[in-house]
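As a plain string of letters, each chain reads:
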2 protein chains.
Amino acid sequence: MKVERKVKMAEEFTSEEKTGLYKAIHSRRDVRSHFTSRLIEDEILSKILNAAHHAPSVGFSQPWNFILIKDSQTKARIKESFEKEKESSSQLIEDPKRSKYLSFKLEGILESPVNLCVTYDPSKFGPFVIGRSSIPEAGLYSVCCAIQNLWLAARTEGVGLGWVSILSNDVLKEVLNLPNHVIPVAYLCLGYVDEFATKPDLETAGWLPRLGLKDVIFFEKWEDKENLSWKNIQNIIKTNPDYA
Amino acid sequence: MKVERKVKMAEEFTSEEKTGLYKAIHSRRDVRSHFTSRLIEDEILSKILNAAHHAPSVGFSQPWNFILIKDSQTKARIKESFEKEKESSSQLIEDPKRSKYLSFKLEGILESPVNLCVTYDPSKFGPFVIGRSSIPEAGLYSVCCAIQNLWLAARTEGVGLGWVSILSNDVLKEVLNLPNHVIPVAYLCLGYVDEFATKPDLETAGWLPRLGLKDVIFFEKWEDKENLSWKNIQNIIKTNPDYA
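If you're wondering where the values come from, they're calculated on a predicted model, not measured in any experiment.

Parameters and conventions
- Think of each chain on its own: its residues are numbered from 1, step by step along the sequence as written.
- As they are written, the chains are lettered A onward and the ligands numbered 1 onward, keeping that order.
- pLDDT decides what is reported in this predicted model: residues at 70 or higher carry local features, side-chain atom pairs at 80 or more are listed and counted, and totals for whole chains, interfaces and linings draw on all residues regardless.
- It is the C-beta atoms, placed from the backbone, that decide contacts: two residues are in contact if theirs lie within 7 Å.
- Only Asp, Glu, Lys and Arg are considered charged, only Ala, Val, Leu, Ile, Met, Phe, Trp, Tyr, Cys and Pro nonpolar, and every remaining residue, Gly among them, polar.
- Here a strand pair is declared whenever DSSP counts at least two bridges between the two strands.
- A run of H or I in DSSP counts as a helix once it spans at least four residues, and a run of E counts as a strand once it spans at least two, with each numbered from the N terminus.
- For helices, the axis comes from a line fit to the C-alpha atoms of the stretch in contact; other axes are also lines fit to C-alpha atoms, and the angle between any two N-to-C directions lies between 0 and 180 degrees.
- When the copies are overlaid, the least-squares fit takes in C-alpha atoms only where the residue has pLDDT of at least 70 in both copies.
- Any angle from 65 to 115 degrees is called roughly perpendicular, while one under 35 is roughly parallel, one over 145 is roughly antiparallel, and all others are oblique.
- In this scheme the handedness of a crossing depends on how the near helix is turned from the far one: anticlockwise by less than a right angle means left-handed, clockwise means right-handed.
- A set of buried residues qualifies as a nonpolar core if it consists of Ala, Val, Leu, Ile, Met, Phe, Trp, Tyr and Cys joined through C-beta atoms within 7 Å.
- Each residue is classed by its C-beta neighbour count within 10 Å, where at least 20 other C-beta atoms makes it buried, 12 or fewer makes it exposed, and intermediate counts make it partly exposed; the C-beta atoms are placed from backbone geometry.
- A helix is expected to span 1.5 Å multiplied by its residue count minus one.

J.: Explanation requested: the interface of chain A and chain B in the structure shown.
T.: Put simply, an interface is often sized by how much accessible area is lost when its parts join up. Opposite the 107 residues of chain A that make contact, chain B presents 106 residues. When grouped by side-chain class, the residues that make up the side of chain A that touches chain B number 58 nonpolar, 27 polar and 22 charged.

J.: I tried to follow the sheet that holds strand β2 (residues 114–120) of chain B on my own but got confused; where do I start?
T.: Hydrogen bonds between backbone atoms are what pair the strands of a sheet, whose relative direction is either parallel or antiparallel. Sheet architecture is open: five strands sit in the order β5(A)-β1(B)-β2(B)-β4(B)-β3(B), paired in mixed fashion. If you trace the sheet from one side to the other, it starts and ends with β5 (217–219) of chain A together with β3 (159–163) of chain B, each paired once. In this sheet, adjacent strand axes meet at a mean angle of 25° when their direction is disregarded. As paired strands, β2 of chain B and strand β4 (residues 183–192) of chain B are joined by seven bridges and run antiparallel to one another. The partner of valine 118 of chain B across the bridge, within β4 of chain B, is alanine 186 of chain B.

J.: What is the right way to read the relation of the copies chain A and chain B from this model?
T.: For these two chain copies, the linking operation is a rotation about an axis paired with a shift along it. Least-squares fitting of chain A to chain B yields an RMSD of 0.0 Å, with the superposition described by an axial translation of 0.0 Å and a rotation of 180°. The symmetry that links the two subunits is that of a two-fold axis.

J.: Explanation requested: the packing of helix α2 (residues 15–27) of chain A against helix α6 (residues 138–156) of chain B in the structure shown.
T.: Angle between the axes and distance between the axes are the two parameters that describe a pair of packed helices. Two elements in contact, α2 of chain A and α6 of chain B, have axes separated by 10 Å at closest approach and are oriented at 165°. In terms of orientation, α2 of chain A lies roughly antiparallel with respect to α6 of chain B. Of the two elements, α2 of chain A crosses α6 of chain B, and the hand of that crossing is left-handed. Here α2 of chain A contributes Glu17, Lys18, Leu21 and Ile25 of chain A to the contact with α6 of chain B, which in turn contributes Asn149, Leu152, Ala153 and Thr156 of chain B. A class-by-class count of the residues in the contact of α2 of chain A with α6 of chain B yields four nonpolar, two polar and two charged.

J.: Can you help me understand the sheet that holds strand β3 (residues 159–163) of chain A in this one?
T.: Across the sheet, which stays open at both edges, the five strands sit in the order β3(A)-β4(A)-β2(A)-β1(A)-β5(B) with mixed pairing between neighbours. Since the sheet does not close on itself, it has two edges, and those belong to β3 of chain A together with β5 (217–219) of chain B, each with one partner. Direction aside, the axes of adjacent strands within the sheet are offset by 25° on average.

J.: In this structure, what is going on with the nonpolar core? I would like to understand it.
T.: A general trend in soluble globular proteins is that nonpolar side chains are found buried together. In this structure, Val118 of chain A together with Val118 of chain B are the most contacted members of the largest nonpolar core, which totals 142 residues. In this structure valine 118 of chain A touches Trp64, Phe66, Val143, Ala146, Ile147, Val185, Ala186 and Leu188 of chain A, once residues within four positions along its chain are discounted.

J.: Explain the pairing of strand β1 (residues 64–69) of chain A here, please?
T.: In regular strands, side chains alternate between the two faces of the sheet. All names here are of chain A. Across the six residues of β1, six count as buried, placing the element largely inside the fold. Burial along β1 is two-sided: the residues Trp64, Phe66 and Leu68 and Asn65, Ile67 and Ile69 are all buried. Bridge count for β1 against strand β2 (residues 114–120) is six bridges, and the pairing is antiparallel. Paired with isoleucine 69 across the bridge in β2 is asparagine 115.

J.: Which parts of the structure should I look at to understand unusual backbone geometry?
T.: Trans peptide bonds make up the majority, and among non-glycine residues the majority have a negative phi. For the peptide bond that leads from aspartate 95 of chain A to proline 96 of chain A, omega is 5°, which places it in the cis range. Positive phi, close to 70°, is recorded for glutamate 220 of chain A, a residue that is not glycine. Inspection of the secondary structure puts glutamate 220 of chain A in the loop between β5 and α9 (231–239). Judged by the 20 C-beta atoms lying within 10 Å of it, glutamate 220 of chain A is buried. The phi torsion at glutamate 223 of chain B lies on the positive side, around 70°, for a residue other than glycine. By the secondary structure assignment, glutamate 223 of chain B is in the loop between β5 and α9 (231–239).

J.: I would appreciate a short explanation of helix α6 (residues 138–156) of chain A in the present structure.
T.: An α-helix turns once per 3.6 residues; consequently, residues spaced three or four apart project the same way. Under the 1.5 Å per step criterion, the end-to-end length of α6 of chain A is 28 Å for 19 residues, consistent within 8% with the ideal 27 Å. Phi turns positive one or two residues past the end of α6 of chain A, at glycine 158 of chain A, with a value near 80°.

Below, the structure written as structure tokens:
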């Protein structure tokens, strides 16, 4: 009986269903251009938002809210905040890096049909939330999991998503009337695109290289890459070309 | 040409592949029990970790590290921290809630074959990271996106994952030798399970209800649920039973 159950579990996702998940993960991109004029159907938008709402949340607190935006005045104010923050952050680096940074297209606020602000409300179902007493940030982490669900669901629907983190949260709070205790976590731009790049733009531009899987995994302790109990997986991540 | 391209995009995921993604999202659970003795194959573990490593990251900073743990002494010390934090957090509430909280099974540290600490290293590729100057937390958010990728990939492989946030990050840092500047984001328990619950445990236990999709979506501004520009989607999320 137990063995049958295990077999059932292993078979629960078909090979093509598994492919769907991995394809979404590996072909998902942060999209800043290539938005088309096609509107996102409300049925698709609902489905994507529902995927976000089914993320894990600490103590089942579901602390997220989603503010859908298409008002052009709101978009213009956010775009203005982006421009200001991009300029001021560019002062932190020097040429030639600065010019390169300033030349990058880093948002699609006006071109994308839907903007979306995802917020964290720590007061929801609070103040006591299971799992949030020792690590208060766990509530914020839940919201990020929701964003990643949303991103992957959008990808399978052919909808591009770009996360704009070059802006002022104070401006965002004012423009969207957020109460003081609510934290804007992400400002996203969504729309159908006529292309998903095969690699992240910043990788293509030579800004930073992709790390190999072996560069980000340790065993038992920080920076231990050679622990003898994990020889086989060390060998896999070092030699399998998929993980280079 | 443009139309052909759009059609291509829309068709890029087969219906079964899309199903795979949504099935992973909707059947993913925070697993604290039902772990079997079956070990996770190193090939599967690598694949799951690679899914995490292909998450979006602010400025392509890839600021995550993954510390794989199976050492029983390490596990025992983390379990001890869990017990202590659970007890002290229970002091924040009163009976009958307190007894109920204490009765919940909230982790599978010792029963799961693999524990995994996911960390955030803000110094990686820093100090200037594109998109992290105005909102420094964006680096932390990237790590959470990686965790959600990992969670979904694990689900498609039949591997259960439980996130333990009832523990002391100071203990975690000491036990795993984390440098001062590195932030532990998640402590995860992974292993094959003989069951994925159909609903979150805390929902089943009646601790908190699941919110409807309509309860978490606003239009244009905080708390605006009736904005006239969004009538159609308001109707969908209010009436479609999938979103109740």
